[in-house]
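Next come the chains, spelled out residue by residue.
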Amino acid sequence: MKKIILFISVALMIFMIGCSSKDVSLTDIKDKLKDTVDFSTFSKEEDASYLKDTFDFDTDKIEAYEMYGPQTNLNTNAVLLLRLKDASDASEFKEKIDAYKANLVEIYKSYAPDQAKLVEDSVYEEHGKTIVFVISDKSEEVKKALADLYK
């Protein structure tokens, strides 16, 4: 009986460790992404109203953010880093990001299909209370950078 309890305890500990998310700051994420993505092509969006207007986010549920959008309407490149107050709100934010993506694809597919493809191939990751969303022509490199950061 003790062996069974010990086995279950060890299995539970391994499961909990495997499911836990490494806590990485938004600054660390941005710094890691700078090795891959050219941030000089972005405009930093400092005003939280941008998040409300662009994504329809409930900004009261956001603890911190970094938002970098395209400098012109001719491209779709973007980096959005969110730290939520509660990880259970992540699905709500994913739905709004998915709606944003669908809207961009619809807008760009007829006159800039290359930009629509970038949106379709964008990177979305959740790590606990942190959400990372990147539209870039370097999606695969972004995925690798995030995997390195969260390993």
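Caption draft 1: Representation of the packing of aromatic side chains in the model. Per the counting criterion, the structure on display carries seven aromatic pairs. A centroid spacing of 4.8 Å and a plane angle of 10° characterise the contact between F55 and F57, whose relative ring orientation is stacked. Judged by relative accessible area, F57 falls into the buried class, the value being 1%. Relative to Y100, the ring of F55 lies with its centre 4.4 Å away and its plane at 45°, an arrangement referred to as tilted. Remark: Y100 occurs in helix 4 (residues 90-108) and F55 occurs in helix 3 (residues 49-55); sequence separation between them is 45 residues. Lying over the aromatic face of F39, K34 brings its terminal NZ or CZ to 5.9 Å of the ring centre. Just above the ring of Y124 sits the side chain of K94; from NZ or CZ to the centre is 4.8 Å.

Caption draft 2: Representation of the nonpolar core. Among the nonpolar cores identified, the biggest contains 23 residues, and L51, F55, F57, L80, L82 and I135 are the most heavily contacted of them. Looking at this core, the elements with two or more residues in it are helix 3, strand 2 (62-70), strand 3 (78-84), helix 4, helix 5 (113-120) and strand 5 (130-135). Looking at this core element by element, the count peaks at seven residues for helix 4. In this view, F57 contacts L51, K52, I62, L80, L82, F93, K96 and I97; residues no more than four positions away in its chain are not counted.

Caption draft 3: How the structure looks around the pairing of strand 2. Looking at chain direction, strand 1 (residues 42-44) and strand 2 are connected through three bridges and run antiparallel. Paired with S43 across the bridge in strand 2 is G69. Both strand 2 and strand 3 contribute to a ladder of six bridges, which runs antiparallel. Bridging across to strand 3, A64 finds its partner in R83.

Caption draft 4: Focus on the pattern of salt bridges. A full pass over the atoms with the stated rule returns twelve salt bridges. Note that E63 is salt-bridged to K129, the shortest N-O span being 3.5 Å. Taken together, the positions of E63 in strand 2 and K129 in the loop between strand 4 (123-127) and strand 5 put the pair 66 residues apart, joining distant regions of the chain. For K129, a relative accessible area of 32% translates into the label partly exposed.

Caption draft 5: Representation of unusual backbone geometry. The backbone phi angle of D56 is positive, close to 65°, even though this residue is not glycine. As for its placement among the helices and strands, D56 is situated in the loop between helix 3 and strand 2. Relative accessible area serves as the criterion here: at 41%, D56 is assigned to the partly exposed category.

Rules of the game
Residues numbered from 1 in each chain as written. Predicted model: local features only at pLDDT ≥ 70, side-chain atom pairs only at ≥ 80, totals over all residues. Heavy atoms only, no water. Phe/Tyr/Trp six-rings, centres within 6.5 Å; stacked < 30°, edge-to-face > 60°. Buried < 20%, exposed > 50% of the residue type's maximum accessible area, 1.4 Å probe, protein only. Helix = DSSP H or I, 4+ residues; strand = E, 2+ residues; numbered from the N terminus. Lys NZ or Arg CZ within 6 Å of the ring centre and 35° of its normal. Core = buried A, V, L, I, M, F, W, Y, C linked by side-chain atoms within 4.5 Å. Contact = heavy atoms within 4.5 Å. Pairing = 2+ DSSP bridges. Salt bridge = Lys/Arg side-chain N within 4 Å of Asp/Glu carboxyl O.

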